[in-house]
Amino acid sequence: MWRRSEEMPKDVWMSLLLVWITLLSCVSTIPIGGADTEADPGEGQRLLSRAKRGWVWNQMFVLEEFSGPDPILVGRLHTDLDVGGKRIKYVLAGEGAGTIFAINELTGDIHAMKRLDREEKAEYTLTAQVINADTDQPLEPPSEFIIKVQDINDNPPQFIEGPYRASVAEMSAVGTPVTRVTATDADDPVYGNSAKLVYSILEGQPYFSVEPNSATIKIALHGMDREMREEYLVVIQAKDMGGHMGGLSGTTTVTVTLTDINDNPPKFSKNLYEFVIPENLPIGQTGGKVKANDRDIGENARSTYNIIEGDEQGVFEIVTDSQTQEGILRLKKALDFESRRSYTLKVEAANVQSDPGGSAGGPFKDTATVKIVVEDADEPPVFSKPVYTLEVNENAPVNTVIGTVAARDPDSSGSQVRYFIDRHTDLERQFNINVDDGKITLAKPLDRETDMWHNITVTATEVRNHSQISRAVVAIRVMDINDNAPEFATEYEAFLCENGKPGQVIQTVSAVDRDDPIQGHYFEYRLVPEMLNNPNFTIKNNQDNSISVLAKHDTFRRQKQEMYFLPIVVTDNGNPPMSSTNTLTIRVCGCSKDGIVQSCNVEAYVLPIGLSMGALIAILACIILLLVIVVLFVTLRRHKNEPLIIKDDEDVRENIIRYDDEGGGEEDTEAFDIATLQNPDGVNGYLPRKDIKPDLQFMPRAGHHSGPNGVDVDEFINVRLHEADNDPTAPPYDSIQIYGYEGRGSIAGSLSSLETASSDSDQNYDYLREWGPRFRRLGELYSVGESDRET
């Protein structure tokens, strides 16, 4: 059974004196009942009875941060089995057993081997057991207990979220909360006062105060004005141990900013503003600026400006510049020095937003006087109207007066004015103007049907100052007169069916007139006098400015007359009336039973029934295409059979083929077939020419040739020349030159025998052997030829 030992070392009691004072209950006793133990007296035999347990430890305590020369005794364990001479041993297991806590196997004393920190771990759960020292067999079940680390005040308060920033409106009442700060202490909040904090203000008085327990910062001074001071630095202290001596403390800073309220009215920098504005200042331009200053900021400093007196005619307006908060004085109407030379205005500046609480009083506005002096300026002439509208009849004679424009000099001096037409608006120079009195006259006749309106610009210029120019628009309307005769609306072509009925409407005819009378158009239609008794056609008025042309009989035939011309006179209702004669063309056509026109030509009448004009056109196109194909085929055949013989009057030299490339010697097999030179015996065979197709076939000509083993190139070339000169089917050029020309630029010159065929001089070809291996074979050939001639 576990129980507390009654013997306690004196030094242990001294070290744990403070613990015993503050603990309400250091130990707990658990009474456990049980029976007596019956054991076999024999050594080594197992105990068959259960032990009787008295009371056990439930909790033990140890101070944190304890640092001494020896391990600190936490407590002692004892069992009722530890009597007499029994060999028992105490065993400790659990959290920190063996590393942090150690137990004396014989006495049961538990010591802390290391310095403990409650903030790292507040308690440890361990298990103690008694075992047989000889056999290591447990003598009773294990018992669990807890060792708690007793807190000491070793951690100061900390402001985790600091430093702080807060804001409060200026002029706030005393006691208005500003913000709240919070400090934390890592010590045990349950045991003692180590974590009990009290707040105080170290810096920021007398403006602010702080609640000791809640750490709420409040306004402590009345009338704090942002315009005087905007920012304050407050230092707050938190102290543990309830603020008593010996406690630890921590501090933080709170930056408090006073926010603006509209507690200041706008104020003009001066009471009187004076501006001089020229009378020719354009409308909308700035005439001056005023400024009302406001000590507030943001929206509270925005002001609006108004003219409250002195501008009954609405000549001026004042607007606010959103960037500079200035009042911009602008013109709404033009100034006139001659009519009014000065203005005195009263201008007011007022805040857009006023104090909602009214704590700062009012009113939030200010006024100033603005005196404006109008400066005289040399103004351009002023027309009596900005736009003139004039009328003139078309075809009016030249120099007809259309109208008059007038302008004056508004200045007091009253300069004379001269008038001109801006020729950019009258490119055809159809109008003139009198420079002195402004009368506009006609320079060319006008035609309403060409242009109904003419817009010109007239300028007025001062005589004494030509730079002063003003302009006016003159719109001239050309009035209509009846100068155009009516005519058919389109080129009508009527069709009349041979099987038509008498009285059938052939065509409806309407007319148009380029004139535009005020009362509208009314046209009268009639046949020319010589056609009044027309036996074929008549007209009927439709009462809508159109007529219908009717057929009088049904005996129209294309064989008799294919086309009829019906002249019609059209007269308008103008003054004087105008008329014109228009001819209606009427064709006689063959129609189906339903009256649908099928053919209007006389030739179509003799065509077989059922064969349309489109089919005839298709047949004709096919015939023409076949003829074209035949002609092309014959032309190509004739062109292919033409001989390549050159006429006598042509210059043979023009057809000489010229090769500018230099041969590559024996290795060049592209230019010609060298086998012919190497085998002159093949000349007896008949080789057909590839460049012509002779009409007459001749047998191969026999020529002189060397023996089967001899090679005489010179003789071979002479034979070829002779055959070419006597062959009537050969063209006049010699194709032998393909291999008879060495090319330009060769140091060897020409190797052709054509140049030396008629010469009796002997040549030595031994120098060819000195040119290298490519010419060695050629030198041997020529040497053989010379030896043959010598023999």
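Definitions and cut-offs
Residues numbered from 1 in each chain as written. Predicted model: local features only at pLDDT ≥ 70, side-chain atom pairs only at ≥ 80, totals over all residues. Heavy atoms only, no water. Helix = DSSP H or I, 4+ residues; strand = E, 2+ residues; numbered from the N terminus. Contact = heavy atoms within 4.5 Å. Areas by Shrake-Rupley, 256 points an atom, 1.4 Å probe, with all protein chains shown as cover. Salt bridge = Lys/Arg side-chain N within 4 Å of Asp/Glu carboxyl O. Pairing = 2+ DSSP bridges. Buried < 20%, exposed > 50% of the residue type's maximum accessible area, 1.4 Å probe, protein only. Patch = residues over 30% accessible without salt bridge, like charges linked within 9 Å, V, L, I, M, F, W, Y side chains within 5 Å. Axes fitted to C-alpha atoms, helices over the stretch in contact; angles between N-to-C directions. pLDDT = per-residue confidence, 0-100. Disulfide = S-S within 2.5 Å. Phe/Tyr/Trp six-rings, centres within 6.5 Å; stacked < 30°, edge-to-face > 60°. Expected span 1.5 Å × (residues − 1).

## Section: the overall build of the protein chain
Within the protein chain, the secondary structure is distributed over six helices and 40 strands. Contacts in the protein chain between residues far apart in sequence, at least 24 positions, make up 66% of those at least 6 positions apart. For the protein chain, the exposed surface amounts to about 48,400 Å²; the carbon and sulfur share of it is 52%.

## Looking at the pattern of salt bridges
For the structure shown, the criterion picks out 20 salt bridges. Across the salt bridge formed by Asp-109 and Arg-76, the nearest N and O atoms sit 2.2 Å from each other. One end of the pair, Asp-109, is in strand β5 (residues 109–112); the other, Arg-76, is in strand β2 (residues 72–76), and 33 residues separate them in sequence. With a shortest N-O distance of 2.8 Å, Asp-426 and Arg-423 are connected by a salt bridge.

## Side note on the pairing of strand β14 (residues 249–259)
Relative to β14, strand β8 (residues 164–169) runs parallel, the two being bridged by six bridges. Each bridged residue has a counterpart across the sheet, and for Ala-169 the counterpart in β14 is Thr-259. Where strand β13 (residues 231–239) meets β14, nine bridges bridge the pair, whose relative direction is antiparallel. By the bridge assignment for β14, Val-234 is matched with Val-254.

## Describing the environment of Met-171
Positionally, Met-171 belongs in the loop between β8 and β9 (177–180). Look at Met-171 and you get partly exposed, because its relative accessible area is 34%. For the pair Met-171 and Asp-263, spaced 92 residues apart in sequence, the C-alpha separation works out to 8.9 Å. Setting aside residues up to four positions removed in sequence, Met-171 forms contacts with Gly-223, Met-224, Asp-225, Ile-261 and Asp-263.

## Concerning a nonpolar patch on the surface
Nonpolar side chains collect at one region of the surface, where Leu-620, Ile-624, Val-628 and Leu-632 lie side by side and expose about 370 Å² of accessible area between them. Residue placement: Leu-632 occurs in helix α3 (residues 613–641). Classification of Leu-632 by relative accessible area gives exposed; the value is 52%.

## With respect to the sheet that holds strand β18 (residues 303–309)
With mixed pairing, the four strands of this open sheet are ordered in space as β16-β22-β21-β18. The open sheet terminates on both sides in strands that have one partner only, identified here as β16 (272–278) and β18. Strand-to-strand twist across the sheet, computed as the mean angle between neighbouring axes with direction ignored, equals 30 degrees. Both strand β21 (residues 342–351) and strand β22 (residues 365–375) contribute to a ladder of nine bridges, which runs antiparallel. In the sheet register, Ala-349 faces β22, and the bridge partner there is Asp-366.

## Concerning the confidence of the model for the protein chain
With 74% of its residues at a pLDDT of 70 or more, the protein chain shows a mean pLDDT of 77. Predicted confidence for residues 682–709 stays below pLDDT 50, and this span has 37 contacts to residues more than four positions away or in other chains.

## Some remarks on the sheet that holds strand β29 (residues 439–442)
Pairing in this open sheet of three strands is antiparallel, and the strands run β25-β29-β28 from one edge to the other. Two strands lie at the open edges of the sheet, namely β25 (401–404) and β28 (431–433), each paired on one side alone. Pairs of neighbouring strands in the sheet enclose a mean axial angle of 25 degrees, with direction left out of account. Pairing analysis gives three bridges linking β28 to β29, with the strands arranged antiparallel. Bridge pairing links Ile-433 to Ile-440 in β29.

## Considerations on the state of the cysteines
Across all of its chains, the model carries two disulfides by this definition. Cys-589 shares a disulfide with Cys-600; S-S distance 1.8 Å. Its S-S torsion of approximately 100 degrees makes the covalent link between Cys-589 and Cys-600 right-handed. Taken together, the positions of Cys-589 in strand β39 (residues 579–591) and Cys-600 in the loop between β40 (597–599) and α3 put the pair eleven residues apart, joining distant regions of the chain. Just as Cys-589 is buried, Cys-600 falls in that class too. With cysteine numbering restricted to those in disulfides and following the sequence, the protein chain has the pairing 1-3, 2-4.

## Remarks on the packing of aromatic side chains
Counting across every chain of the model gives twelve aromatic pairs. Taking 6.2 Å as the distance between ring centres and 70 degrees as the angle between the ring planes, the aromatic pair formed by Phe-268 and Tyr-273 counts as edge-to-face. Note on accessibility: Phe-268 and Tyr-273 belong to one class, buried. Linked through ring pairs, Tyr-207, Phe-208 and Tyr-232 together constitute an aromatic cluster.

## Comments concerning the environment of Thr-583
Secondary-structure assignment places Thr-583 in strand β39. In the structure, Thr-583 is positioned 17 residues away from Leu-566 in sequence and 5.4 Å away in space, judged by C-alpha atoms. Ignoring anything within four residues of it in the chain, the contact list for Thr-583 reads Phe-488, Phe-565, Leu-566 and Pro-567.

## Focus: unusual backbone geometry
Each neighbour pair has its own omega, and for Gly-162 with Pro-163 the value is -5 degrees, a cis peptide bond. You can see Pro-163 is positioned in the loop between β7 (143–150) and β8. Here Asn-575 and Pro-576 are connected by a cis peptide whose omega angle stands at 0 degrees. Structurally, the position occupied by Pro-576 is in the loop between β38 (563–571) and β39. In the Ramachandran plot, Asn-399 falls in the positive-phi region, its phi being about 75 degrees despite a non-glycine side chain.

## Regarding helix α5 (residues 713–726)
The end-to-end C-alpha separation of α5 is 20 Å, in line with the 20 Å expected for 14 residues at 1.5 Å each. Among all positions of α5, only Val-713, Glu-715, Phe-716, Ile-717, Val-719 and Glu-723 are buried.

## Digging into the pairing of strand β19 (residues 316–320)
In this structure, β19 lies alongside strand β20 (residues 326–331), joined through five bridges in antiparallel fashion. Across the sheet, the residue bridging to Val-319 is Ile-328, located in β20. Here β19 folds back onto β20 in antiparallel fashion, the turn holding five residues, of which Gln-325 has a positive phi close to 60 degrees.

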